[in-house]
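One-letter residues, chain by chain:
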Amino acid sequence: MTKPISSGPRRRGSWTVIFFALIAALLLPGATPAHAFAGAAFHTQSSGNRGSDVAALQHLLGARGHTVATDGVFGSGTTAAVKAFQSAQGLTADGIVGPNTWGRLVVTVQQNDSGPAVKAVQSLLNAKRSAGLAVDGVFGAGTATAVRNFQSHAGITADGVVGPETWRNLVWHYELINFSANMCDQNPDGNTAANWATASSVAQLEAAATSFASTGNGKVPVGDAGWEHGGPIPGHASHQVGVDIDIWPIRTDSAQCTAGRITWQSATYDRAATRQLVQAIRAAAPGHVALIFFNDPQLIAEGLTTQYANHDNHLHVRYV
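Residues numbered from 1 in each chain as written. Predicted model: local features only at pLDDT ≥ 70, side-chain atom pairs only at ≥ 80, totals over all residues. Heavy atoms only, no water.

**Topic: the side chain of Asn295**
Working step 1: Among the secondary structure elements, Asn295 is positioned in the loop between strand E6 (289-293) and helix H10 (297-301).
Working step 2: Relative accessible area serves as the criterion here: at 9%, Asn295 is assigned to the buried category.
Working step 3: A polar atom in the side chain of Asn295 sits 2.8 Å from the backbone nitrogen of Tyr308.
Working step 4: Polar contacts involving the side chain of Asn295 include one to the side chain of Asp312, which spans 2.9 Å. (Helix = DSSP H or I, 4+ residues; strand = E, 2+ residues; numbered from the N terminus. Buried < 20%, exposed > 50% of the residue type's maximum accessible area, 1.4 Å probe, protein only. Polar contact = N/O pair within 3.5 Å; in protein donor to acceptor, adjacent residues only side chain to side chain.)

So, in C-alpha cells, the structure goes:
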C-alpha cells in the first residue's frame, strides 16, 4: 500500500537530503543500486537504539579510552561514555551520537592494525555484508579483502584502508532482516528483496519479534521494508530511507505466516495478540518509534496505533 513520505516525525539527521540524493543517484544514466551511496551519512544513535551501529560505536568508544559493554544496546552506560567522550572533545555533551560525534569517534585502520576500532569494522562487515569475519580486533588479510570488497560495492576507492569515507558508507549501509528471530517473510507487493532497513530499525524489530515469541501467538509476519540501498519501491511512497517496515496483524489461530493476511475487521483477527505485538515493538525501541499506522479503533483509542487510509490489513511501523 502507498504510504506518505512526510507523515510523522523523521529520524534525526538529514533524511530529506539522503532521500533526494538517493533518487538522483538512481535516476542518473548508468547508475545502479550498488553504487547509490551519494547520500551516505552516519546514522544518529541515542539512548534506546540498538543494533550493529550501536555495537560499532561502543567498540569505537573503547578505542578512544571509554570502554563500555559492546552489547549493541544504547543504555545508560553507553550514554555516560558518549557524554564523557563528547566533553573531552569539546562537543556538546548530549549523549547523542550524530555526525559530529561519529566524525570524532572513527579511527582510520588498515592491515596489520589491531584493537577495538578493528572490531568495529569487522562487526559491521559481518552484519551488513555477511563477511563471516572473526571479530578478533586483528586487521589481517581476510579483513583487508572484506574491506576492499565493501569499498568496491559502495563505489569508493578500494584501497583496503578504513578512513572517514569508508566508515561513513559502512555505517550508512542498510542491514538485512534476520527472519530466524521469530519472523516470516511476506511479500504482498512482489518486492521479494525488500527486506533491508537501517541497522537500528532491523535490530529493534528483531528484539520485538523475539519478545513476542514468549506470548505463544506465533511468528511475526513482515511485509516490505526497503531495498539494500534505499530508494523508490513499487507500491510504497515511503519505505525509502530504511526506517519503515510493514507487519501483518496476528490471527486467532496464530497462522498469520501460512493462512493469509487479514484485516482488523476479520473474524480471525486477534486483537489481544496484536496489542501485545505493538507493545513489544514499542518496548524494544523506547523513544524510537515515530508511529504505527493501523486502523483498529480500539488500539487507536489506547494510543498504541494511528489511523491512516489503507491500513486495515497491516501495521506500518516507522522508526526514528
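Read on for the rest.
**Structural notes on the state of the cysteines**
Working step 1: Tallied over the full model, the rule gives one disulfide.
Working step 2: Through a disulfide, Cys184 is tied to Cys257; the S-S separation comes to 1.9 Å. Measuring handedness by torsion sign, the sulfur bridge of Cys184 and Cys257 sits at about -85° and is left-handed. With Cys184 in strand E2 (residues 183-185) and Cys257 in the loop between strand E5 (244-247) and helix H9 (271-283), this residue pair connects regions lying 73 residues apart in the sequence.
Working step 3: Judged by relative accessible area, Cys257 falls into the partly exposed class, the value being 23%. (Disulfide = S-S within 2.5 Å.)

**Section: the packing of helix H2 (residues 52-63) against helix H3 (residues 76-89)**
Working step 1: In contact at an axis separation of 11 Å, H2 and H3 are set at 50° when each is read in the N-to-C sense. As summarised for this structure, H2 and H3 are arranged oblique, according to the angle between their axes. The crossing of H2 and H3 is left-handed. Note on element contacts: H3 touches H2 through Thr78, Ala81, Val82 and Phe85, opposite Leu57, Gln58 and Leu61.
Working step 2: Taken together, the residues that form the contact of H2 with H3 break down as five nonpolar, two polar and no charged. (Axes fitted to C-alpha atoms, helices over the stretch in contact; angles between N-to-C directions. Parallel < 35°, antiparallel > 145°, perpendicular 65-115°, else oblique. Left-handed = near helix turned anticlockwise from the far one by under 90°. Contact = heavy atoms within 4.5 Å. Nonpolar A, V, L, I, M, F, W, Y, C, P; charged D, E, K, R; others polar.)

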